[in-house]
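Residues per chain are reported as follows:
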Amino acid sequence: MTIKASCHCKATTFEVSQAPQTVTQCTCSFCSKRGSLWAYYIPSQFKLTTPVENVSFYRWGSETVKHGFCATCGCGTFTETPDWSTGEPDFNNPKISVNARLFDDFALEKVEVVVIDGKNLW
């Protein structure tokens, strides 16, 4: 089941290969200001369907995570990140987290929201 997603102006579009079981609301300063709900995928499950030049990137803090946003309208789109499931960055196991609020024609309200305490974790 491919899910398509787009930013507000549609200059940045992407798709993922399956629906998320859960989405994550992170309370860190960046995610809480951005308002994203994150769905996590391995790189082979994600496809950017517009030119990468349409995406700008922001890195903060440790500069470990590459936060993407539309270079035209500014919507937060996806991140490129190591796997953090052990509490430490695993660069050999990269993840793509996508802003599930950008999914087109998808009933996001039916997906469980998991809150993580990023405010105190990072």
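Scroll up a little and you will see the structure.
To keep things clear, this report deals only with the structure shown in the data block.

Calculation notes
- Within each chain, residues carry numbers counting from 1 in the order of the written sequence.
- Reporting in this predicted model follows two pLDDT cut-offs: at least 70 for local features of residues, and 80 or more for side-chain atom pairs to be given and counted; totals over whole chains, interfaces and linings ignore these cut-offs and use all residues.
- Excluded from the side-chain calculations are hydrogens and water; all other atoms, namely the structure's heavy atoms, are used.
- Pairing between two strands requires that DSSP report at least two bridges joining them.
- Strands are runs of DSSP state E lasting at least two residues, helices are runs of H or I lasting at least four, and both sets are numbered from the N terminus onward.
- A pair of Phe, Tyr and Trp rings is counted when the ring centres sit within 6.5 Å of each other, with Trp represented by its six-membered ring. The angle between the planes then sorts it: under 30 degrees is stacked, over 60 is edge-to-face, the rest tilted.
- For the exposure calls, accessible area comes from a 1.4 Å probe over protein chains only, and a residue counts as buried if that area is under 20% of its type's maximum, exposed if over 50%, partly exposed in between.
- Only Lys NZ and Arg CZ are tested; either one counts as a charge over a ring when it is within 6 Å of the ring centre and within 35 degrees of the ring normal.
- Here a polar contact is taken to be a pair of N or O atoms separated by no more than 3.5 Å, where protein atoms must pair a possible hydrogen donor with a possible acceptor and residues adjacent in sequence count only if both atoms sit in side chains.
- Whether two residues are in contact is decided by their heavy atoms, any of which lying within 4.5 Å being enough.
- By definition, a salt bridge exists where a carboxyl oxygen of Asp or Glu is found within 4 Å of a side-chain nitrogen of Lys or Arg.

1. Structural notes on the pairing of strand S1 (residues 3-6)
As paired elements, S1 and strand S2 (residues 13-16) share four bridges and run antiparallel to each other. Residue Ala 5 lies in a different strand from S2, and its bridge partner there is Phe 14.

2. Examining the packing of aromatic side chains
Throughout the structure, instances matching the rule amount to seven aromatic pairs. Judged by centre distance (6.4 Å) and plane angle (70°), the rings of Phe 14 and Phe 78 are edge-to-face. On the criterion of sequence distance, the pair formed by Phe 14 in strand S2 and Phe 78 in strand S8 (residues 76-83) is long-range, its members being 64 residues apart. Here the aromatic rings of Phe 46 and Phe 78 are separated by 4.9 Å at their centres, their planes lie at 45°, and the arrangement is tilted. Within this pair, whereas Phe 46 is found in strand S5 (residues 46-48), its partner Phe 78 is found in strand S8, the two being separated by 32 residues in sequence. Side by side, Phe 46 and Phe 78 carry an identical accessibility label, which is buried. Grouping aromatic residues by their ring pairs yields a cluster made of Phe 14, Phe 46, Phe 57 and Phe 78. Between Lys 66 and the ring centre of Phe 57, over which it is positioned, the NZ or CZ distance is 4.5 Å.

3. Regarding the side chain of His 67
If you trace the backbone, His 67 turns up in strand S7 (residues 66-70). Among the polar contacts made by the side chain of His 67, one reaches the side chain of Trp 60 at a distance of 3.3 Å. Residues within four places of His 67 in sequence aside, it is in contact with Phe 30, Arg 34, Ser 56, Phe 57, Tyr 58, Trp 60, Phe 78 and Thr 79.

4. Re the pattern of salt bridges
Considering all chains together, one arrives at two salt bridges under this definition. A salt bridge links Glu 15 to Lys 4; its shortest N-O distance comes to 3.8 Å. With Glu 15 in strand S2 and Lys 4 in strand S1, the pair connects residues that are eleven residues apart, well separated along the chain. Look at Glu 15 and you get buried, because its relative accessible area is 18%.

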